[in-house]
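These are the residues of each chain, in order.
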Amino acid sequence: GDGYDPRAVQDKWQARWAELDPFEAAEDADGRERRYALDMFPYPSGDLHMGHAEAFAIGDVIARYWFQKGYNVLHPIGWDSFGLPAENAAIKRDSHPAEWTYANIETQAASFHRYAPSFDWSRRLHTSDPEYYRWTQWLFLRFYERGLAYRKGGQVNWCPNDQTVLANEQVVGGHCERCGALVERRVLTQWYFKITDYADRLLDDMKQLEGKWPDRVLLMQRNWIGRSTGADVHFVIEGRDEPVTVYTTRPDTLYGATFMVVAADAALAEEICAPEERAAFEAYRDEVSRESEIERLSTERDKTGVFLGRYAINPVNGERIPIWASDYVLAEYGHGAIMAVPAHDQRDLDFALKFGLPVRVVVDTGEPDPAETGVATAGDGRIVNSDPIDGLAKADAIARITEILAEKGLGRAAVNFRLRDWLLSRQRFWGCPIPIVHCEACGEVPVPDDQLPVRLPDDLRGADLAPKGASPLAAASGWVNVDCPKCGGPAKRDTDTMDTFVDSSWYYFRYCSPGYTEGPFDVEQVRKWMPIDQYTGGVEHAILHLLYSRFFTKVLYDMGMVDFTEPFTRLLNQGQVILNAKAMSKSLGNMVDLGEQIDRFGVDVVRLAMLFSGPPEDDIDWADVSPHGMSKFLSRVHRIATEVTAPVGADPAAGSDELRRVTHRTVEEATALVEVRRFNVAISRIMELVNATRKAIDGGPGGSDPAVREAAETMAIMLSLFAPYTADEAWELLGRTAPVATAGWPAADPALLVQESVTCVVQVAGKVRDRLEVAPGIGEGELESLALSSEKIKDALGGREIRKVIVRAPKIVNIVPA
Ligand code: ANZ
Ligand code: ZN
């Protein structure tokens with residue numbers, strides 16, 4: 001363009017900012033209000049990509065806006081640097097995972113410096129640093145002391161490729177979330193966090209987040225926790241002392257239960273199976289053990305199952321019903337056994353029709369017989385065939401039958417959650433070691449706080465880390481064998497490492513006092529900075545990371561370490577950057593390279609193109625953005641800055657009123673738009689101001705008009721949120737001292753926001769007697785007194801009394817004399 005080279009400007013300012021460091025948060029309370037802007041910290045896999053560029057541009061607009069507003073802003077950065085890819089890279093390259101990890105961190109840090117988010121670099125942290133994971137271990141021990149970290153044996157998801165256990169959340173459609181391998185089930189003893197103890201609070205505290213978090217995220221959290229209410233009902237089993245309890249959300253349908261189903265993989269099925277059915281049962285159970293939970297819950301699949309040769313007694317009518325085993329009942333939900341009501345539950349109906357079991361309608365919904373249509377009737381209606389509750393509607397029937405069950409000791413009201421405890425052990429190397437020692441004499445012994453961190457050994461590398469089905473740490477005998485901290489006898493370290501979601505559940509606390517050595521964070525600093533005002537990141541973290549962070553915060557609250565229960569006051573999920581309506585991926589070969597885009601167009605153009613393409617929540621199709629258009633716009637701003645000749649400090653009130661009105665209206669509107677995160681529209685307002693300023697220079701008062709300077713300075717400050725390099729260059733050209741980033745957000749002068757006056761017609765007895773110039777927003781009372789004090793009106797009234805005054809502000813006043 002015309003003398004504007006965005007890349008040269010970028011290089012110049014990047015070097016200067018390195019010295020200025022304008023974004024360090026102030027340690028001491030200096031009277032300013034604080035704001036905490038957090039971006040989800042990156043995983044160091046290679047260099048930054050387009051997705052990072054978008055997320056961090058959005059988070060940066062918010063932080064920079066707060067800097068301009070004069071707040072004391074905390075806007076930190078760090079790395080989520082434990083995890084499998086580093087380990088896989090180390091195996092391939094015969095190196096240590098730390099080498100790959102920290103090299104990538106440096107690459108990303110350098111790219112960030114160029115991309116210029118307003119980070120406080122002094123607070124940088126890496127979760128794989130011993131100074132960080134020391135405190136991850138400390139927190140684990142506090143959870144352990146509270147009974148919130150425990151070991152149990154049970155069926156777990158096992159990835160045969162990564163040779164590690166996976167949390168339920170990491171199994172997507174029956175496959176490993178990371179590598180795509182078909183997940184198997186294994187019985188293993190593993191560490192868990194007891195997040196289920198917090199299920200109610202995780203649900204109820206979402207009230208604090210309504211309207212502040214995206215609705216769909218709240219919905220996903222709610223569904224994941226999955227609270228349902230109903231009743232536990234006890235069924236006596238013929239030939240067994242203990243009754244079997246089932247959980248049902250529809251106790252009103254109890255009289256319609258025609259069989260019972262036990263999860264094929266539940267211990268109960270194994271126990272009660274009659275000898276003559278055992279062979280068939282065991283064959284079936286082995287089949288089921290290879291199925292994923294998703295497959296099992298699918299309503300599309302043909303139902304399968306076996307009869308267990310045993311009967312249960314329906315507690316309310318004494319009916320004898322057969323007990324079956326099937327895969328559609330899950331061992332780990334409710335009690336792992338259900339009462340089947342085929343008339344009103346589709347899964348039960350499919351099963352009944354397949355195996356010739358009876359179907360009995362107990363709710364008359366007015367729909368045709370399910371036994372004939374094959375469609376269960378799940379809606380409300382009148383209860384029938386259920387003596388004590390006949391005639392009642394669903395809600396009343398549920399209440400009444402639950403009462404009856406409770407009175408007779410046959411059951412009670414119950415609540416169930418879909419949420420399970422958080423499986424946190426991983427049989428991999430590059431993670432935070434679990435600070436527990438196993439002693440033959442003492443059992444599980446926590447590593448004392450003063451012996452933390454339990455460091456990862458640094459002599460394992462390459463092939464030592466290859467998956468073997470047990471943690472690679474088990475092979476490091478020098479590391480594993482220790483003296484028991486309690487009795488001094490021979491003991492072994494726990495060889496599992498923690499799920500990396502543990503590391504990311506508390507990093508934002510650490511940012512408040514990153515060098516703190518007395519605990520995970522300085523309680524006073526957290527009190528000062530938190531909760532976080534704005535959290536920005538991808539919707540892929542809508543469930544787990546946010547749920548786990550909320551859980552950690554509540555535990556810290558219960559420990560008295562923080563005084564709030566929700567860590568993230570506001571949440572923004574940015575859209576994806578896509579290409580030609582398709583997600584970018586390595587496999588599709590349609591990745592747009594961020595570095596290359598920046599080399600071609602410069603950082604400001606890339607940032608602006610992202611932010612201008614639409615609201616931050618929407619996907620950006622990179623095929624639709626116009627870097628050239630953004631480039632032209634920035635060179636127009638640059639040119640205006642070179643053409644201002646009015647001196648610094650010139651009183652704008654002496655300048656063009658017309659341009660000043662545009663400037664102040666732009667400030668007013670852009671501020672409101674930034675507040676509601678409509679950055680794209682805010683940018684178009686700035687573009688309009690640029691147009692108006694261009695016109696004022698070319699065809700109006702010219703560059704010496706102080707109003708032109710005011711407009712140019714205003715656009716530079718506002719532009720600093722979106723295109724910081726160009727903004728600083730313009731600011732300097734305008735004779736101001738850099739950086740513009742903390743120049744102060746402009747305030748709109750209300751007087752300049754008022755539209756020019758409108759003409760009000762004043763009538764006496766229907767005749768126009770005067771015309772007044774008034775403000776368009778004038779109040780009725782003010783307009784009436786203005787009209788009555790007019791000399792012309794007083795003359796027209798000639799001393800007559802007034803019967804009525806009709807005011808239609810701001811256009812008409814009609815005076816009716818007596
Ligand atoms: C009888 C019944 C009649 C049911 C009816 C539903 C409708 P949510 O809302 O998900 O909690 N159920 C209970 N435990 C189960 C398990 N371990 N595996 C699979 N299904 C199980 O659903 C609770 C309902 O799911 C329960 O209510 C039970 O079926 C089934 F007209 O009991 B219902
Ligand atoms: Zn011991």
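Residues numbered from 1 in each chain as written. Chains lettered and ligands numbered in written order. Predicted model: local features only at pLDDT ≥ 70, side-chain atom pairs only at ≥ 80, totals over all residues. Heavy atoms only, no water.

Participant: So, the overall build of the protein: which residues are in play, and what are the values?
Facilitator: Looking only at helices and strands, the protein has 28 helices and 34 strands in total. The principal-axis extents of the C-alpha atoms in the protein amount to approximately 110 × 85 × 50 Å. Within the protein, counting contacts between residues at least 6 apart in sequence, those at least 24 apart form 73% of the total. Taken as a whole, the protein presents about 34300 Å² of accessible surface, with 49% of it coming from carbon and sulfur. Side-chain charges in the protein split into 89 positive and 122 negative, and the spacing between the mean points of these groups amounts to 4 Å. (Helix = DSSP H or I, 4+ residues; strand = E, 2+ residues; numbered from the N terminus. Contact = heavy atoms within 4.5 Å. Areas by Shrake-Rupley, 256 points an atom, 1.4 Å probe, with all protein chains shown as cover. Lys, Arg positive; Asp, Glu negative; His and termini not counted. Charge placed at Lys NZ, Arg CZ, Asp CG, Glu CD.)

Participant: Now, about the sheet that holds strand E29 (residues 582-583): what can you tell me, with residues and values included?
Facilitator: The sheet built from three strands is open, its strands ordered E29-E28-E30 with mixed pairing. Either end of the sheet is taken by a strand with one partner, and the two such strands are E29 and strand E30 (620-621). Note that strand E28 (residues 577-579) and E29 share two bridges and pair antiparallel. Pairing of Leu 579 across the sheet is with Lys 582, part of E29. (Pairing = 2+ DSSP bridges.)

Participant: Residues and numbers for the site of ligand 1, please.
Facilitator: Looking at ligand 1, there are 17 residues lining it, with Ser 228, Thr 248, Leu 330, Tyr 333 and Arg 418 nearest. Ser 228 is positioned with one of its side-chain polar atoms (N or O) 2.7 Å from an oxygen atom of ligand 1. Taking Leu 330, its main chain carries an N or O atom lying 2.8 Å from a nitrogen atom of ligand 1. Bound to the protein, ligand 1 loses 88% of the 650 Å² it would expose on its own. Elements with a minimum of two residues in the shell around ligand 1: strand E11 (244-248) and strand E15 (337-340). Of the residues contributing to the shell around ligand 1, the split by class is eight nonpolar, five polar and four charged. (Near = heavy atom within 4 Å. Polar contact = N/O pair within 3.5 Å; in protein donor to acceptor, adjacent residues only side chain to side chain. Nonpolar A, V, L, I, M, F, W, Y, C, P; charged D, E, K, R; others polar.)

Participant: Would you mind going over the layout of surface pockets in detail, with residue names and values included?
Facilitator: Taken as a whole, the second largest pocket spans an internal volume of roughly 640 Å³. Sorting the residues of the lining of the second largest pocket by element identifies E11, E15 and helix H11 (346-355) as the ones contributing at least two each. When its residues are assigned to classes, the lining of the second largest pocket shows 11 nonpolar, nine polar and five charged. (1 Å grid on protein atoms, 1.4 Å probe; cavity = no way out; pocket = protein on both sides within 12 Å on 5 of 7 lines; lining within 4 Å. Points joined across faces, edges and corners; volume = space filled by probe spheres on them.)

Participant: For the coordination of the zinc ion (ligand 2), give the residues involved together with the corresponding values.
Facilitator: Coordination sphere of the zinc ion (ligand 2), protein contribution only: Cys 439 (SG), Cys 442 (SG), Cys 484 (SG) and Cys 487 (SG), at 2.2 to 2.4 Å. Seen from the zinc ion (ligand 2), its four donor atoms lie at angles of 106 to 114°, and the figure they make is tetrahedral. Between consecutive donor residues of the zinc ion (ligand 2), the sequence gaps follow C-x2-C-x41-C-x2-C. Of this pair, Cys 442 sits in the loop between strand E21 (436-439) and strand E22 (443-446) while Cys 487 sits in the loop between strand E23 (481-483) and strand E24 (490-493); the two residues are 45 residues apart in sequence, bridging distant segments of the chain. Looking at Cys 487, the relative accessible area reads 44%, which means it is partly exposed. (Donors = N, O, S within 2.8 Å, 3.2 Å for Na, K, Ca; no water. Tetrahedral: all angles 85-135°; square planar, octahedral: opposite > 155°, others 65-115°. Buried < 20%, exposed > 50% of the residue type's maximum accessible area, 1.4 Å probe, protein only.)

Participant: Which residues make up the pattern of salt bridges, and what values go with them?
Facilitator: By the definition in use, this model includes 53 salt bridges. In this structure, Asp 449 and Arg 142 form a salt bridge, with 3.1 Å as the shortest nitrogen-oxygen distance. Separated by 307 residues along the polypeptide, Asp 449 in the loop between E22 and helix H14 (477-480) and Arg 142 in helix H5 (residues 130-145) bring together distant segments of the chain. Judged by relative accessible area, Asp 449 falls into the partly exposed class, the value being 31%. One salt bridge connects Glu 643 with Arg 694, and the closest N-O pair in it is separated by 2.7 Å. Linking Glu 643 in helix H21 (residues 627-643) with Arg 694 in helix H23 (residues 679-698), this pair joins segments that are 51 residues apart in sequence. Here the salt bridges share partners, and the residues they tie into one network are Glu 270, Arg 278, Glu 282, Arg 285 and Asp 286. (Salt bridge = Lys/Arg side-chain N within 4 Å of Asp/Glu carboxyl O.)

Participant: A description of empty space enclosed by the protein should follow, citing residues and the corresponding values.
Facilitator: Considering all chains together, one arrives at four cavities of 30 Å³ or more under this definition. Within this model, the largest cavity holds a volume of roughly 200 Å³. In this structure, the largest cavity is lined by 19 residues; those nearest its centre are Leu 84, Arg 178, Arg 426, Arg 428 and Thr 500. Elements with a contribution of two residues or more to the lining of the largest cavity: helix H3 (84-93), strand E6 (164-166) and strand E25 (497-498). Here the residues of the lining of the largest cavity sort into six nonpolar, six polar and seven charged.

Participant: With reference to specific residues and values, describe the environment of Pro 776.
Facilitator: If you trace the backbone, Pro 776 turns up in the loop between strand E32 (767-774) and helix H27 (780-788). For Pro 776 and Thr 759, which are 17 residues apart along the polypeptide, the C-alpha to C-alpha distance reads 8.8 Å. Once residues lying within four places of it in the same chain are set aside, the contact partners of Pro 776 are Val 754, Gln 755, Glu 756, Ser 757, Val 758 and Pro 810.

Participant: Account for helix H18 (residues 544-558), with residues named and values stated.
Facilitator: With 15 residues, H18 extends 21 Å between its outermost C-alpha atoms, agreeing within 8% with the 21 Å of an ideal straight helix rising 1.5 Å per residue. In terms of burial, H18 is largely enclosed, as 13 of its 15 residues are buried. (Expected span 1.5 Å × (residues − 1).)

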